[in-house]
There are 2 protein chains.
Amino acid sequence: MADRQLTNEIRTLRFLAGEMPQADLGQRVGVTRQTIAAIEAGKYSPTLECAFRIAEVFGKPLEDVFHWER
Amino acid sequence: MADRQLTNEIRTLRFLAGEMPQADLGQRVGVTRQTIAAIEAGKYSPTLECAFRIAEVFGKPLEDVFHWER
DNA sequence: ACCTCATGTCAAAAATATTTGACATGAGGT
DNA sequence: ACCTCATGTCAAATATTTTTGACATGAGGT
């Protein structure tokens, strides 16, 4: 399987946004801090809607936050 | 929750790609035709990974296929 | 008329994402 | 030493996505 994998810049973006805690990001996105932690750690693929909301918090296009890489 | 909603250009892109059937797209993405039909109809928010794979089939960036709109 | 194909849709099951509640750790400040 | 905060992680429950299998419809071709 020529597998690509999902990576993200959430941790970096949180720190650039004044070291925003996972819990604060979760609250602004509408999910729990555990969900943010899991997504940030790449434990599973979030819902597209969830991904768009995370990008929205950082004021970035989705593809600046999540990457689909080899 | 969100006053924004997820829309997509899948149907248009399928037709531009030689009227590719939902079943063919599903096979290339690795999901069933019912899943493609449901996503195309906006019945639910796909996994981010699934969204990236669909965009990849059309050779487009994800944000050319899915939109997060008011 | 028939057949094939693409699509719509449905319900139940399976798989996956998300929540809830809990306990642990380390870093920083008092 | 203590406290607070951010994070890691875990298990069980819930919600959502996806699969499987089925039946229906309409369009196109023979």
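Anyway, here's the lowdown on the structure attached to this text. (Residues numbered from 1 in each chain as written. Chains lettered and ligands numbered in written order. Predicted model: local features only at pLDDT ≥ 70, side-chain atom pairs only at ≥ 80, totals over all residues.)

1. Here we look at the protein's contact with DNA strand C
Right, so step 1: Neighbouring residues of DNA strand C: 18 residues in total, closest Val31, Thr35 and Tyr44 of chain A together with Pro21 and Gln22 of chain B.
Right, so step 2: Listing elements by their share of the surface near DNA strand C, those giving two or more residues are α3 (33-40) of chain A together with α2 (22-29) and α3 (33-40) of chain B.
Right, so step 3: Within the surface near DNA strand C, the residues separate by chemical class into nine nonpolar, eight polar and one charged. (Near = placed C-beta within 6 Å. Helix = DSSP H or I, 4+ residues; strand = E, 2+ residues; numbered from the N terminus. Nonpolar A, V, L, I, M, F, W, Y, C, P; charged D, E, K, R; others polar.)

2. A word on the interface of chain B and chain A
Right, so step 1: Chain B puts 15 residues into the contact, and the matching count from chain A is 15 residues.
Right, so step 2: Put simply, the parts of the chain that give the side of chain B that touches chain A at least two residues each are α4 (48-58), α5 (62-65) and β2 (66-69) of chain B.
Right, so step 3: Looking at which element gives the most residues to the side of chain B that touches chain A, the answer is α4 of chain B, with four residues.
Right, so step 4: Here the side of chain B that touches chain A is built from residues that sort into eleven nonpolar, two polar and two charged. (Contact = placed C-beta atoms within 7 Å.)

3. A closer look at the relation of the copies chain B and chain A
Right, so step 1: With an axial shift of 0.0 Å and an RMSD of 0.1 Å, the rotation relating chain B to chain A amounts to 180°. Between the two chains, the operation in question is that of a two-fold axis.
Right, so step 2: Of all interface residues in chain B, 87% are interface residues in chain A too; the two copies therefore contact each other through one and the same surface. (Least-squares fit on C-alpha atoms with pLDDT ≥ 70 in both.)

4. Quick word on the protein's contact with DNA strand D
Right, so step 1: Around DNA strand D, the surrounding shell holds 18 residues, and the nearest of these are Pro21 of chain A together with Val31, Thr35, Tyr44 and Thr47 of chain B.
Right, so step 2: Put simply, the parts of the chain that give the surface near DNA strand D at least two residues each are α2 (22-29) and α3 of chain A together with α3 of chain B.
Right, so step 3: Class assignment of the residues belonging to the surface near DNA strand D gives a composition of nine nonpolar, eight polar and one charged.

5. Examining the environment of Thr32 of chain B
All names here are of chain B.
Right, so step 1: In this fold, Thr32 is placed in the loop between α2 and α3.
Right, so step 2: Under the C-beta neighbour-count criterion, Thr32 is labelled partly exposed, with 13 such atoms within 10 Å.
Right, so step 3: A sequence separation of 38 residues divides Thr32 from Arg70, and the C-alpha atoms of the two residues are 29 Å apart. (Buried ≥ 20, exposed ≤ 12 C-beta atoms within 10 Å, placed from the backbone.)

Read these as geometric descriptors, not functional statements.
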